[in-house]
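Observations on chain architecture
For reference, the chains in residue letters:
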Amino acid sequence: MGYDLYVVTDEEIGRGLSHAELARRAVAGGADAVQLRDKRLSGRGLLEAALAVREVTLDAGALFIVNDRLDVALAAGADGVHLGAGDLPVREARRIAPPGFVIGASVGSVDAAVRAAAEGADYVALSPTFPTGSKNDAGPGHGLAVLSEIRGAVSLPLVAIGGITATNVGDVIAAGADGIAVISAVVGQEDVTGAARDLRARIAAAKARG
Ligand code: TZP
Ligand code: MG
């Protein structure tokens, strides 16, 4: 399972569609991975949403990652967890998680990417790659130069997140990303499945160009 098209669910940007419905539409368009992200829900509510997304992603053979919460990810039988700077450190998550459990880490620099790799991350996400309106505290974009530097420094799968669209996805892949993680470019579109399918084709074309 890869990270070519990694769709992050958001019910607000998704015009009120549930996480599971957004996931269903995204995987129908070829999303390889789905991340459940909901800052409004905690424990029980997040688990309920996670169980529903788990079902959809299992049916589709897509990777399922829960944002922030290792406990909820484990309880829901997710494939992994995505951790940022304020979450459980990767090293601690790795110590607790069962073998094979995926741990993804947000990074903002080459140093942070190298550290995440050393602590046992399975993939790193440059966050944010470009400015984004989908995450309030995302800060300015790190840009393609940093993405390329990280590509040269770590051999883990590298995902770009933040501000990625159909227009810039080709440049992002050319700069060394293995995949893209998006909210608005898929979840925020009227035709979620069509948007995913279009991005998937653009990623494949960019990879074929080498
Ligand atoms: N983490 C870093 S940027 C971001 C997250 C969750 C938001 C990405 O959303 P969009 O709409 O694809 O820019
Ligand atoms: Mg987090």
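Quick summary incoming for the structure in this document. This is a predicted model, so every value here is computed, not measured.

Helix and strand content of the protein chain: eight helices and eight strands. What you see for the protein chain is a C-alpha radius of gyration of 15 Å, in line with the 17 Å of a compact globule of 210 residues. By its C-alpha atoms, the protein chain is 40 × 40 × 30 Å across when sized along the principal axes. Among the 210 residues that make up the protein chain, the fraction classed as buried is 50%. For the protein chain, the share of sequence-separated contacts (at least 6 apart) that also reach a separation of at least 24 residues comes to 57%.

Right, let's get into the sheet that holds strand β7 (residues 158-161). One closed barrel holds the eight strands; their spatial order is β1-β2-β3-β4-β5-β6-β7-β8, and the pairing between them is parallel. Between one strand axis and the next, the sheet turns by 25° as a mean value, whatever way the strands run. Alignment of strand β3 (residues 63-67) against strand β4 (residues 80-83), held across three bridges, turns out to be parallel. What sits directly across from Ile65, in β4, is Gly80. Lying over the sheet, helix α1 (residues 19-28) contacts β1 (5-9) and β2 (33-36), oriented at roughly 160° with respect to β1. In the packing of helix α5 (residues 110-119) onto the sheet, the strands contacted are β5 (102-107) and β6 (123-126), and the crossing angle to β5 comes to about 165°.

Ligation of the magnesium ion (ligand 2) by protein atoms is provided by Asp68 (OD) and Asp87 (OD), these donors lying 2.0 to 2.2 Å from the ion. With Asp68 in the loop between β3 and α3 (70-76) and Asp87 in the loop between β4 and α4 (90-96), this pair connects stretches of sequence that are 19 residues apart.

Below, the discussion takes up the site of ligand 1. Around ligand 1, the surrounding shell consists of Arg37, Ser127, Thr132, Ser134, Lys135, Ile161, Gly162, Gly163, Val182, Ile183 and Ser184. Between ligand 1 and Ser134 there is a distance of 2.5 Å, counted from an oxygen atom to a side-chain nitrogen or oxygen. A distance of 2.8 Å separates an oxygen atom of ligand 1 from a polar backbone atom of Gly163. When isolated, ligand 1 has an accessible area of 370 Å², and the protein chains bury 96% of it. A per-class count over the shell around ligand 1 returns three nonpolar, six polar and two charged.

Rules and cut-offs
Residues numbered from 1 in each chain as written. Chains lettered and ligands numbered in written order. Predicted model: local features only at pLDDT ≥ 70, side-chain atom pairs only at ≥ 80, totals over all residues. Heavy atoms only, no water. Helix = DSSP H or I, 4+ residues; strand = E, 2+ residues; numbered from the N terminus. Rg over C-alpha atoms; globule rule 2.2 N^0.38 Å. Buried < 20%, exposed > 50% of the residue type's maximum accessible area, 1.4 Å probe, protein only. Contact = heavy atoms within 4.5 Å. Pairing = 2+ DSSP bridges. Axes fitted to C-alpha atoms, helices over the stretch in contact; angles between N-to-C directions. Donors = N, O, S within 2.8 Å, 3.2 Å for Na, K, Ca; no water. Near = heavy atom within 4 Å. Polar contact = N/O pair within 3.5 Å; in protein donor to acceptor, adjacent residues only side chain to side chain. Areas by Shrake-Rupley, 256 points an atom, 1.4 Å probe, with all protein chains shown as cover. Nonpolar A, V, L, I, M, F, W, Y, C, P; charged D, E, K, R; others polar.

Everything listed is a geometric property; what it means functionally is a separate question.
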